[in-house]
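Geometric and topological summary
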4 protein chains.
Amino acid sequence: MPGNSFGHLFRYTTWGESHGPAIGCVVDGVPPRIPLSEGDIQVWLDKRRPGQSRFTTQRKEPDRVKILSGVYEGQTTGTPVSLVIENVDVRSKDYADIAEKFRPGHADYTYFKKYGIRDPRGGGRASARETAMRVAAGAIARKVLGPDIVIRGALVAIGTLEVDRARWDWGAVESNPFWCPDARLVPEWEKYLDGIRKEGSSVGAVIEVEAAGVPAGLGEPVYDKLDADLAKAMMSINAVKGVEIGSGFGSARLRGEENADEIRMKGNEPEFLSNNAGGVLGGISTGQNVVVRFAVKPTSSIATTRRTVTTKGEETEISVKGRHDPCVGIRAVPVGEAMLAIVLADHLLRHKAQCG
Amino acid sequence: MPGNSFGHLFRYTTWGESHGPAIGCVVDGVPPRIPLSEGDIQVWLDKRRPGQSRFTTQRKEPDRVKILSGVYEGQTTGTPVSLVIENVDVRSKDYADIAEKFRPGHADYTYFKKYGIRDPRGGGRASARETAMRVAAGAIARKVLGPDIVIRGALVAIGTLEVDRARWDWGAVESNPFWCPDARLVPEWEKYLDGIRKEGSSVGAVIEVEAAGVPAGLGEPVYDKLDADLAKAMMSINAVKGVEIGSGFGSARLRGEENADEIRMKGNEPEFLSNNAGGVLGGISTGQNVVVRFAVKPTSSIATTRRTVTTKGEETEISVKGRHDPCVGIRAVPVGEAMLAIVLADHLLRHKAQCG
Amino acid sequence: MPGNSFGHLFRYTTWGESHGPAIGCVVDGVPPRIPLSEGDIQVWLDKRRPGQSRFTTQRKEPDRVKILSGVYEGQTTGTPVSLVIENVDVRSKDYADIAEKFRPGHADYTYFKKYGIRDPRGGGRASARETAMRVAAGAIARKVLGPDIVIRGALVAIGTLEVDRARWDWGAVESNPFWCPDARLVPEWEKYLDGIRKEGSSVGAVIEVEAAGVPAGLGEPVYDKLDADLAKAMMSINAVKGVEIGSGFGSARLRGEENADEIRMKGNEPEFLSNNAGGVLGGISTGQNVVVRFAVKPTSSIATTRRTVTTKGEETEISVKGRHDPCVGIRAVPVGEAMLAIVLADHLLRHKAQCG
Amino acid sequence: MPGNSFGHLFRYTTWGESHGPAIGCVVDGVPPRIPLSEGDIQVWLDKRRPGQSRFTTQRKEPDRVKILSGVYEGQTTGTPVSLVIENVDVRSKDYADIAEKFRPGHADYTYFKKYGIRDPRGGGRASARETAMRVAAGAIARKVLGPDIVIRGALVAIGTLEVDRARWDWGAVESNPFWCPDARLVPEWEKYLDGIRKEGSSVGAVIEVEAAGVPAGLGEPVYDKLDADLAKAMMSINAVKGVEIGSGFGSARLRGEENADEIRMKGNEPEFLSNNAGGVLGGISTGQNVVVRFAVKPTSSIATTRRTVTTKGEETEISVKGRHDPCVGIRAVPVGEAMLAIVLADHLLRHKAQCG
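About the criteria used
- Here the residue numbering is sequential within each chain, running from 1 through the sequence in written order.
- Written order determines the labels here, with chains lettered from A and ligands numbered from 1.
- Owing to the predicted nature of the model, reporting of local features is limited to residues with pLDDT of at least 70; listing and counting of side-chain atom pairs is limited to 80 or more, with chain, interface and lining totals taken over all residues.
- Note that the side-chain values use all heavy atoms of the structure and ignore hydrogens as well as water.
- Helix numbering and strand numbering both begin at the N terminus, where a helix is a DSSP run of H or I of at least 4 residues and a strand a DSSP run of E of at least 2.
- The globule rule used for comparison is 2.2 Å times the number of residues to the exponent 0.38, while the radius of gyration itself is calculated over C-alpha atoms.
- Residue exposure (1.4 Å probe, protein chains only): buried if accessible area is under 20% of the type maximum, exposed if over 50%, otherwise partly exposed.
- Contact criterion: two residues are considered in contact whenever any of their non-hydrogen atoms come within 4.5 Å of each other.
- What sets the accessible areas is the Shrake-Rupley method with a 1.4 Å probe; for residues, cover comes only from the shown protein chains.
- Asp and Glu count as negative and Lys and Arg as positive, but His and the ends of the chain are not part of the count.
- The location of each charge is read from NZ of Lys, CZ of Arg, CG of Asp or CD of Glu.
- Two parts placed together each lose some accessible area; with a 1.4 Å probe, that loss summed over both constitutes the buried area.
- What counts as a salt bridge is simple: a side-chain nitrogen of Lys or Arg found within 4 Å of a carboxyl oxygen of Asp or Glu.
- Whenever two N or O atoms come within 3.5 Å, that pair is a polar contact, provided that in protein one can donate a hydrogen and the other can accept it, and provided that, for residues adjacent in sequence, both atoms are side-chain atoms.
- In this count, Pro and Cys sit with the nonpolar residues alongside Ala, Val, Leu, Ile, Met, Phe, Trp and Tyr, while Asp, Glu, Lys and Arg are called charged and the others, Gly among them, polar.
- The axes used here are C-alpha line fits, helices contributing only the stretch in contact, and every angle between their N-to-C directions lies in the interval 0 to 180 degrees.
- The labels follow the angle: roughly parallel below 35 degrees, roughly antiparallel above 145, roughly perpendicular from 65 to 115, and oblique for the rest.
- Take the far helix as your reference; a near helix turned counterclockwise from it by less than a right angle gives a left-handed crossing, and one turned clockwise gives a right-handed crossing.
- Two strands qualify as a pair provided DSSP detects at least 2 bridges between them.
- Alignment of copies: least-squares fit on C-alpha atoms of residues with pLDDT of at least 70 in both copies.
- Helix span, as expected, comes to 1.5 Å for every residue beyond the first.

**Focus on the overall build of chain A**
A tally of regular secondary structure across chain A gives seven helices and 18 strands. A compact globule built from 356 residues would reach a C-alpha radius of gyration of about 21 Å, and chain A, at 21 Å, matches this within 12%. C-alpha extents for chain A along the principal axes are approximately 70 × 50 × 35 Å. Per-residue burial over chain A gives 69% buried out of 356 residues. Sequence separation of 24 or more characterises 71% of the internal contacts of chain A that already satisfy a separation of 6 or more. Here chain A has roughly 10800 Å² of accessible surface; of this, 49% comes from carbon and sulfur atoms. Between the mean site of the 47 positive side-chain charges and the mean site of the 45 negative ones, chain A shows a separation of 5 Å.

**Some remarks on the interface of chain A and chain B**
Interface size is commonly expressed as the accessible area that is lost once the parts come together. Each partner contributes residues to the interface: chain A has 107 residues there, and chain B has 108 residues. Here chain A packs against chain B, burying approximately 8900 Å² in sum over the two surfaces, 56% of which is carbon and sulfur. Counting the surface chain A buries against chain B, the share from its top three residues, A:Lys114, A:Tyr223 and A:Lys241, is 10%. The interface formed by chain A and chain B contains 16 salt bridges. With a closest N to O distance of 3.5 Å, B:Arg306 and A:Glu262 form a salt bridge. Applying the counting rule to chain A against chain B returns 68 residue pairs in polar contact (both at pLDDT 80 or more). Here the residues of the side of chain A that touches chain B sort into 46 nonpolar, 34 polar and 27 charged.

**Thoughts on the packing of helix H3 (residues 131-145) of chain D against helix H7 (residues 332-355) of chain D**
Residue and element names in this part refer to chain D. Close contact between H3 and H7 brings their axes to 7 Å; oriented N to C, the two are set at 45°. Here H3 lies oblique to H7, going by the angle between them. Judged by the twist between their axes, the crossing of H3 over H7 is left-handed. Contacts between H3 and H7 involve Thr-131, Arg-134, Val-135, Ala-137, Gly-138, Ala-141, Arg-142, Val-144 and Leu-145 from the first element and Pro-334, Val-335, Glu-337, Ala-338, Met-339, Ala-341, Ile-342, Leu-344, Ala-345, Leu-348 and Leu-349 from the second. Partitioned by chemical class, the residues of the contact of H3 with H7 number 15 nonpolar, two polar and three charged.

**Remarks on the pattern of salt bridges**
Side chains that differ in charge, positive against negative, can pair when their charged atoms come close. All names here are of chain A. Applying the stated criterion across every chain yields a total of 116 salt bridges over all chains. Here Arg-331 makes a salt bridge to Asp-325, at a shortest N to O gap of 3.3 Å. Residue classification places Asp-325 among the buried residues on the basis of a relative accessible area of 6%. Via salt bridges that share partners, Arg-165, Glu-208, Glu-244 and Arg-293 belong to a single interconnected network.

**Focus on the sheet that holds strand S7 (residues 81-86) of chain B**
Strand pairing in a sheet relies on backbone hydrogen bonds, with the paired strands running either antiparallel or parallel. Residues and elements named next belong to chain B. The strand order across the open sheet built from five strands is S1-S2-S3-S7-S4, with neighbouring strands paired in antiparallel fashion. Since the sheet does not close on itself, it has two edges, and those belong to strand S1 (5-6) and strand S4 (65-67), each with one partner. Taken together, the two bridges between S1 and strand S2 (residues 11-16) define a ladder with antiparallel strand orientation. Pairing of Phe-6 across the sheet is with Tyr-12, part of S2.

**Considerations on the relation of the copies chain B and chain C**
Note on the identical chains: chain B maps onto chain C by a rotation of 180° and an axial translation of 0.0 Å, with an RMSD of 0.0 Å. Viewed as a symmetry operation, the transformation between the two copies matches a two-fold axis. Taking C-alpha positions as reference, the residue of chain B nearest the rotation axis is B:Ala353, located at 2.2 Å. Same-surface contact between copies: 100% of interface residues of chain B are shared with the interface of chain C.

**Points about the side chain of C:Thr316**
Relative to the elements of secondary structure, C:Thr316 occurs in strand S18 (residues 315-318). Every residue in contact with C:Thr316, bar those within four places of it in the chain, is listed here: C:Lys101, C:Arg306, C:Arg307, C:Thr308, C:Val309, C:Thr310 and D:Arg264.

**Some thoughts on the interface of chain B and chain C**
Contact residues are listed per partner, giving 13 residues for chain B and 13 residues for chain C. Summed over both partners, the interface of chain B with chain C comes to about 1000 Å²; 55% of that surface belongs to carbon and sulfur atoms. Its largest share of buried area at the contact with chain C, chain B owes to B:Lys352, B:Ala353 and B:Gln354, together 52% of the area lost on that side. At the boundary of chain B with chain C, the tally comes to zero salt bridges. Its residues placed into classes, the side of chain B that touches chain C shows eight nonpolar, four polar and one charged.

**Section: helix H3 (residues 131-145) of chain A**
Residue and element names in this part refer to chain A. The terminal C-alpha atoms of H3 lie 20 Å apart, and with 15 residues this matches the ideal 21 Å at 1.5 Å per residue to within 8%. Of all 15 residues making up H3, 14 are buried, and the element is well covered by its neighbours. The first or second residue beyond H3 is Gly-146, which carries a positive phi of 85°.

**So, the sheet that holds strand S10 (residues 205-212) of chain D**
Reading across from one edge, S9(C)-S8(C)-S10(C)-S16(C)-S11(C)-S11(D)-S16(D)-S10(D)-S8(D)-S9(D) is the order of the ten strands in this open sheet, with antiparallel pairing throughout. A single partner strand is all that each edge strand has here, and the edge strands are strand S9 (161-162) of chain C together with strand S9 (161-162) of chain D. Relative to S9(D), strand S8 (residues 150-158) of chain D runs antiparallel, the two sharing two bridges. What sits directly across from D:Ile158, in S9(D), is D:Leu161. Docked against the sheet, helix H5 (residues 226-235) of chain D engages strand S11 (240-245) of chain C together with S10, strand S11 (240-245) and strand S16 (290-296) of chain D, running at close to 155° with respect to S11(D).

As structure tokens, then:
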């Protein structure tokens, strides 16, 4: 199957290039009779939208989403929901240069090798602009999950500066431009990123997303494990190079008695005493918080001059001048949340089918 | 779709419980006229087989694979290849105790919550025994890839003891029971693991697998990126909690000019000067080595007493006495190699279909 | 999976309701570097467009297709091709009545029972308007197949009046409003349909589509046989109640020596002496013409008064006054051609993947 | 995807060649806690088994099915159910001749063209022996559907001799070797088939299967309509050349007021006054009986000499002497029933997922 769809029962397909007339997606499998308006989706897109601080790209996209199908009198009908966002702020001349050169760290070279053709305007299909439709589909996924499943995310590291988990405060996340849960770290990050931006460089980041209220039992062993699908979902986001669940790579350094979460009774229900598992055992949700982290590499489009070659095979250099994020990871937070919602919605429907 | 299949064009489905009569798989989509014998598969199974050193489980399984279909006069016919391995060394009484208790760190609780029933004998379907069929399917995938794509793996950390990459020697990997590429580390690991085993404990590990000779162009943006499918493949292996590609989580700490691999010409072909990308850009292979690492948590079945609850909701304790690996990560090396081969074979066929 | 997609490697997804703002589709898996313009698609849409004679619905839709993605400088890029057609001639008041009543022979009742909600305007998602996007996707499929595979269709029966195969002339098909290959029958059909239209009734039809130039070897035994996928494709078209391949139901009345097509050599290639098989044996194309016929039931929206019930469970009557086709089968000819092209394009890519 | 699987949520994959060591299937997605024994499956296999009268092939296969996984203490566990039947009565010498010649009406030529290799022993993968596993999977599907959905089938025509529907008696079906619902026709069919068999010929047949008790609402518009999936399911059976639903091809000859089933109330529920629709409107079940008919071509392996060519391109003749059915359609009745059960089980789970 071609690769532009995600999910099995809650399934969406995205289309569109960064500098084409529009981007969009079709969300199929949405249960009927769910109240849904453009506003329900717009609220999440607004959080992701670029140009909101000096730390994210200055492209000005209003990103107004339109629902073209699948909703009647304010409710989903069970037919495909088609969403579209027009591309407004498209300055293709910015990209004249890169049509001839392969930008290091970008997909320019690989698209060219794969397809023998590529749309170079703004990165074409490989642009992070595609992630707007993930956020839109994620908004519908949240509706499918209902209000009892709460999904949220935070940035836990920019470059070498990590949050102090002892100071973690979900309340702080929305009051700074970094989704930082550690308020004391915010000014440090500001100063650090300002320096990086001025030097024409960029830096990577680590994002953590979690879902609370997930019932036990979601996930399909053995290949469509909940965590396997989460790993795929997060790794499919632009610039992501690593994914971990619960204690993740840290669990490799633990001993068995430290790692395996013990169980006691709390009232009539079993309760885990810790959550190294990140809410998933044997690929199935335990009922604890599902916790996922992923690493985003530094923005590859930087002003610093880099060595590369042209499409004709000549050695050259490149320095990307356009509007770019010093840390593309910042904008990945709502995207990671959306992918978590989408994976859970898909598995909720799958679980209902076989075991409901 | 149910979760016991993997891949799209090179697609296999596994079945079987740890202590049922047999385990098996059906591999569909195998190109025709590939020479294939049971010996071609057995050689890889023998590498994974338990009971080969005191550091892996003492279960004695000959693991003789039989081909039941899809091969005629020594060649694949393009029809499904059915493989089966009988379960021989099945001592179900070892597990009488755990039928009543949820083992911490295991899937006992989640299977019970999902299905309302579980086969407790040897972990049933959640047992690592399932991975034998991954290795078998991987052997066929290697045949599909052909001799120019070379896949190999190594253990790069046991607990807190990591290999020294300056001493990396692929030649060393097969001459020790740990797949360790750093010969000087082997005695240290032996001593360390002996200690852990005697204490009735266990420890985690990190595995690295790589594929050399992969042509540029494999991978389907945007959701079936090569690295997204690799992340899913590795995370679907029992006990894996994290996956990374190339510099992985380390890339989050890099700056743009350090991370993005520069390009020069080498003869008539572009050449990358480093491989932080791990051989994948924009979800498509670059032609460099594809490099994947994954973290395996410590074996959860340990002799140390742990708190848990019974299926009836009573608090209790458990201590698992059976034959278990002090470091289940060791046996994950050939499984990781197999999954890498399977993902590449699938994407090779997918690439041929659209762009071949 | 949800049901609004078709195909595996050449895969498209349609969306949109009859009286929503637009209808559209996303075609994924299109090979790169195929010349493609809106005109290439429009030419087929124009053939299907309603309102071209008094024998098809008088709804006036210009049906101008727009390409929103996947094409760069006149060539496909291998990324999803998004197509959209705005709905212009939408008169929702025509349908005020049917919001309360289940029209006999329509999907009103079943959508309501399935989803608990339905969009009654113009039949919503169940409208034959959806077939415009099949024709659009089919236009791209023809491009994928290339000029050597020629697909065409004809109407072979309206009601009880069948064409005389002895007078079959493909040249006649485009010179009458019925796609009739038997020029002598045209005036009879005109008179017959005029009578039916004036009586406020309707009648069924049989369509035959064929593909010439199909290479031997397409089709995936045993469940995705070429003819099995063709049967699904045709049966998924609105109002279709039967599908047959080659001699079809007629072959049930034949004896073995009449039915099995004999083989001789023609030059260096085997040649079949007849084509009862309809170009498919064992689910795989033989190289002969692929021949498919399907039956379309009479238009269910008729002026004649019919008994039915309301959504509230009251008995009532209904007589549909709007603009409707006396024989909806006429407009199904280009839709059948499109579905044949789509199935072949999908199987061409699938064959390349495994055996190419 | 490769073609040896069927269904989406209730999904099975078959493997095995006619004269290999065994045939089998893996049924994935089975809901947990359904009582299931080998006897539950064997009862349906026994009905299909060849060699039970002089009108079906004399191959003597005990066809004893074994369950290898997915069942624990008599109940399904939600994990894959692996079924296997050993091939016992394999006389490969019977087929030495056909290894060199393409049998007219068989898949010999097309498999050879597709794969460049074929297993000629007994037709290899293309043998009707594969249908035993459809019957086995169908037995599990019936369990998923539960006792309220009743599926049954009958032979309605052999060659030119059709049953008289006025004499239809379901009770008669099991008391003759033809699944004939018209007891008065049985001696005629016997005489007719005896003649055909003695002449070394064969003849086609038409089968009708129906499901009673199907709830309204099953089916996924627009491509995975219930009837579209049924058409695919039936057309995928060996030798089937046509499929129709309800009035089928006959509906093409009807007028709108004859065809569209009127609706009245019966108590609190709507009731259709006729069933031309065959229980499906707009691709969704209406709650009436689902009625499907399919045409089976005459057995292609006949004693009568036929012209053909060799694999080396020489003209020759062939006359097949082995044990074959004069009317292969007879044995297709339980296979059609099984496919109907499988399609319904799959759609039942799909419906639960989105709308349950």
